[in-house]
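Here is what each chain is made of, one letter per residue.
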Amino acid sequence: MTRIEMTFNTLREQGKKALIPYIMAGDPNPGTTVSLMHELVHHGADVIEVGLPFSDPMADGETIALAGERAIAAGTSTRQAIDMVREFRKNNQHTPVLVMGYLNPVEIIGYDKFIAMCEDAGIDGVLMVDLPPQEAGSFTQKLANSHMNEIFLLAPTTLPARRDEVLKHGSGFIYYVSVKGVTGSKALDAADVGQHVQAIKAQTALPVCVGFGIRDGASAKAVGQYADGVIVGSELVKNFANVGNDAQQIAHAKKLILDKMDELRQAIDSL
């Protein structure tokens, strides 16, 4: 059983919902990420989703796309992002870490080498936005052999045949995209999300977590009524937008991120 699976089992027993923050590795600089990961745990993160910087992030809105640009400009590569998780693991062996990215850097590194690097670093799950389940094949199996989950996205527009493939090949949890759009979208209809989540749950025993468009305690609580967890990215990442390398500004941005974590944790724990 993976750390992701154990975490959701524990949360289910406790009657709690998962809080999954997303941060971009190396944003605003490589020295910030590992300490921030530890602080996210202290402020209620059950799973941490770490973005792998990429120059053409098709699923991401402006906020996270710019975070990737900042990370790349600061010299963060896919290998360095994975090394950050390895550093995090020196002091935390229990919090699951999921990496989210795009296939191009993985193909450059090589599938087998990428999976070996992730396993060695203590990564628990991989989400490749542009790798559909029907084409994942051996990649899915190799991740499973290395005790990692492959996470897939489902969206409001996902056709039934594609949904069946995701539910067949996915593991750990299902990532449901709450809106027809990119990360950071604003048009969140909790009732509509609830209908889709309930339909997915009728087909799978996997936990269903909802991301895209969650920006405060109210929206997290509204979605948490139906989902097993909430994923929050843009609302956290936006705080690094203009800090540069100023230590004071970075510290202030981290405080805003952690204050938001407290708000989200309190909201979903009140369900």
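Scroll up for the structure.
A short tour of the structure in this document, coming up. (Residues numbered from 1 in each chain as written. Predicted model: local features only at pLDDT ≥ 70, side-chain atom pairs only at ≥ 80, totals over all residues. Heavy atoms only, no water.)

With that settled, the discussion passes to helix H6 (residues 111-121). Buried within H6 we find Phe114, Ile115, Met117, Cys118 and Ala121. End-on view of H6: buried residues confined to an arc of 160 degrees, all on one side of the axis. Buried residues in H6 make contact with helix H4 (78-89), helix H5 (103-109), strand E4 (125-128) and helix H8 (138-145). After H6 finishes, the residue glycine 122 shows a positive phi value of roughly 90 degrees. (Buried < 20%, exposed > 50% of the residue type's maximum accessible area, 1.4 Å probe, protein only. Helix = DSSP H or I, 4+ residues; strand = E, 2+ residues; numbered from the N terminus. Arc of directions from axis to C-beta. Contact = heavy atoms within 4.5 Å.)

We now examine the nonpolar core. Grouped together as the largest cluster of nonpolar side chains are 63 residues, with contacts concentrated most on Leu40, Phe114, Met128 and Phe139. Ranked by residues supplied to this core, first place goes to helix H13 (residues 247-269) with seven residues. Those residues within four positions of leucine 40 in sequence are excluded, and the remaining contacts are Pro21, Ile23, Ala45, Ile48, Ile257, Leu258 and Met261. In this structure, Ile64, Leu98, Val129 and Ile231 belong to the second largest nonpolar core, which totals 28 residues. (Core = buried A, V, L, I, M, F, W, Y, C linked by side-chain atoms within 4.5 Å.)

Its location among the elements puts phenylalanine 88 in helix H4. Residue classification places phenylalanine 88 among the buried positions, given a relative accessible area of 0%. Sequence-wise, phenylalanine 88 and glycine 233 are 145 residues apart; in three dimensions their C-alpha atoms are separated by 19 Å. In this view, phenylalanine 88 contacts Val34, Met37, His38, Val41, Ile48, Thr95 and Val97; residues no more than four positions away in its chain are not counted.

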